[in-house]
Amino acid sequence: MTADFPPTFRCLGCGKAHPGVGFPHQCLACGGVYTLPGEAITLPDSWDPAGAGGLQRFRTALPLAVSIPLATLGEGNTPLVTVAHGRQPVHCKLESLNPTGSYKDRGTVVLASALAHAGVRQVVEDSSGNAGASLAGYAARLGIAARIFVPESASGPKRRQITAYGAEVVAVPGPRSQAAEAVLAAVRQGAVYASHVYQPHALGGYATIAYEIVEQLGQGPGSVIAPVGHGSLLRGLQLGFEVLLRNGRIERLPRLFGVQAAACAPVWAVYHGGAAALSLVAEGETLAEGIRVRNPLRGDEVLRAIERSQGALTIVEDERTEAAQQQLAAVGIDLEPTSAVVWPALDDLAAALEPPVVAVITGAGWKARP
Ligand SMILES: [Zn+2]
């Protein structure tokens, strides 16, 4: 039997390789989280600029055997638009313009293609909205039945989007962690967990954001800033830039900056106060619902990415997030509050920023509009 994808994933805890078949959401040996090591990514000499749709362009760099068809919806190839932030030009990578309205599509296309190839017909997932909507979209394309567990409080548009794609929404009362518990109960009963966080396939998809940024700028960025929830996006960006560096496409690693919502900032707490600070973190209410994550699975990977790249982590309160969302909409960039956190963070990080500065705009404004 051939592997569904190259057995390139490794456990963060014990270092053992993923079996290469099936979709265990945790290490079979120790229960740790699987990740994608950079050595597993192979870059071609050049990308085909227009010959293929969506991430098909980056096919050989994705953690998916090249014989497996990619179920693209045209994800990726998002615009890089320059907006003035005070006197500093900031290049906004509009991931909000992906097929389902968020950067998650770059990861989902890889995972969903692997699922379909393995013959999986039904999956479960938990998500505050964007990952659930993305999975629902790609599952619809592939004829996979998806059951998405969401917190009862998740915003209406995302839930309606999930339903529109034909997926089943299971509303779970209480905070987001309760939805995570509910999905694990389904997994224990045998459901395939198409998790955007546990399954490492998405990391290779997020790395393509780095490839496009370098292509579009015509050089490596000096700084890249992104919101941090579980941390998969920042880890994917680091992977992409490190692979580019190793292949001589850029001269140095950009500084990576992560932003959390002040009301729920576990990675920032550890960054500033050490591991003991984590116990004090609350899952507080915030407009930035997409990064309201009390137990970030890739928090350690984020901290390493920040350290290795000489970046930093910061937090933003909702009032500033809301103002930034309006400010950016007023210059034509429609983004959700979860994405808007990066804008005020640029003020706080001004002394550390090296140009060119790129801000990853993760999700569309309509996602959070009642
Ligand atoms: Zn392990």
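Residues numbered from 1 in each chain as written. Predicted model: local features only at pLDDT ≥ 70, side-chain atom pairs only at ≥ 80, totals over all residues. Heavy atoms only, no water.

A separate point is the pattern of salt bridges. For the structure shown, the criterion picks out 15 salt bridges. A salt bridge links E317 to R320, with the shortest nitrogen-to-oxygen separation between them at 3.7 Å. A salt bridge links R320 to D348, with the shortest nitrogen-to-oxygen separation between them at 2.9 Å. Separated by 28 residues along the polypeptide, R320 in helix 9 (residues 318-329) and D348 in helix 11 (residues 342-348) bring together distant segments of the chain. Classification of R320 by relative accessible area gives partly exposed; the value is 28%. Residue D348 is classed as partly exposed on the basis of its relative accessible area, which comes to 40%. The network of salt bridges with shared partners includes K93, E95, R106 and E212. (Salt bridge = Lys/Arg side-chain N within 4 Å of Asp/Glu carboxyl O. Helix = DSSP H or I, 4+ residues; strand = E, 2+ residues; numbered from the N terminus. Buried < 20%, exposed > 50% of the residue type's maximum accessible area, 1.4 Å probe, protein only.)

Under ideal tetrahedral coordination, the four donors around a metal are separated by 109.5 degrees; under ideal octahedral coordination, the six donors are separated by 90 or 180 degrees. For the zinc ion, every protein donor is listed as C11 (SG), C14 (SG), C27 (SG) and C30 (SG), and the spread of their distances is 2.3 Å. Motif for the zinc ion, donor spacing along one chain: C-x2-C-x12-C-x2-C. (Donors = N, O, S within 2.8 Å, 3.2 Å for Na, K, Ca; no water.)

What follows concerns the pairing of strand 10 (residues 255-261). Counting buried positions over the seven residues of strand 10 gives seven, a clear majority of the element. Taking every second residue as pointing to the same face, both faces of strand 10 are buried, with R255, F257, V259 and A261 on one and L256, G258 and Q260 on the other. Sheet topology places strand 9 (residues 223-227) next to strand 10; five bridges connect them, and they run parallel. Residue P227 lies in a different strand from strand 10, and its bridge partner there is V259. As for the winding sense of the linkage, the β-α-β connection from strand 9 through helix 6 (residues 232-246) to strand 10 is right-handed. Examined bridge by bridge, strand 10 and strand 11 (residues 312-316) share five bridges and lie parallel to one another. Bridging across to strand 11, V259 finds its partner in T314. (Pairing = 2+ DSSP bridges. Right-handed = clockwise from strand over helix to strand, strands pointing away.)

Below, the discussion takes up the packing of helix 1 (residues 104-117) against helix 2 (residues 130-142). It is at 9 Å that the axes of helix 1 and helix 2 come closest, and there the two elements cross at 40 degrees. As summarised for this structure, helix 1 and helix 2 are arranged oblique, according to the angle between their axes. In the packing of helix 1 onto helix 2, the handedness of the crossing is right-handed. Across the interface between the two elements, K104, D105, T108, V109, A112, S113 and A116 of helix 1 pack against N130, A131, S134, L135, Y138 and L142 of helix 2. (Axes fitted to C-alpha atoms, helices over the stretch in contact; angles between N-to-C directions. Parallel < 35°, antiparallel > 145°, perpendicular 65-115°, else oblique. Left-handed = near helix turned anticlockwise from the far one by under 90°. Contact = heavy atoms within 4.5 Å.)

Moving on, we get to helix 3 (residues 156-164). Along helix 3, the residues that are buried comprise P157, K158, Q161 and I162. Seen along its axis, helix 3 keeps its buried residues to an arc of 140 degrees; they face one direction. Structural note: helix 3 exposes R160 and A164 on the side pointing more than 90 degrees away from its buried face. Tucked inside the fold, the buried residues of helix 3 contact helix 2, strand 6 (145-151) and strand 7 (168-172). At the exit of helix 3 stands G166, carrying a positive phi of roughly 95 degrees. (Arc of directions from axis to C-beta.)

A sheet is described by the order of its strands in space; here six strands give the open sequence 3-4-12-9-10-11, paired in mixed fashion. Looking at the sheet topology across the chains shown, the edges are occupied by strand 3 (80-85) and strand 11. Each adjacent strand pair in this sheet contributes to an overall mean axis angle of 30 degrees, direction not counted. Of the strands in this sheet, strand 10 and strand 11 are in contact with helix 7 (residues 266-273), which crosses strand 11 at around 125 degrees. Across the face of the sheet, helix 8 (residues 299-309) comes into contact with strand 10 and strand 11 while running at roughly 140 degrees to strand 10.

Another point: the nonpolar core. Where a protein is soluble and globular, its nonpolar side chains tend to be buried together. In this structure, Y211, L237 and F241 are the most contacted members of the largest nonpolar core, which totals 71 residues. For this core, the elements supplying multiple residues, two or more each, are helix 1, helix 2, strand 6, helix 5 (201-217), strand 9, helix 6, helix 8 and strand 12 (357-361). The dominant element in this core, judged by the number of residues it contributes, is helix 5, at 10 residues. Sequence-distant contacts of Y211, that is, excluding residues within four places in its chain, are made with I41, L43, W47, F58, A61, G240, V243 and L244. Judged by nonpolar contacts, the second largest core, of 27 residues, contains A261, I291, W343 and L349. (Core = buried A, V, L, I, M, F, W, Y, C linked by side-chain atoms within 4.5 Å.)

Without other data, these values stay purely geometric and don't point to any function.
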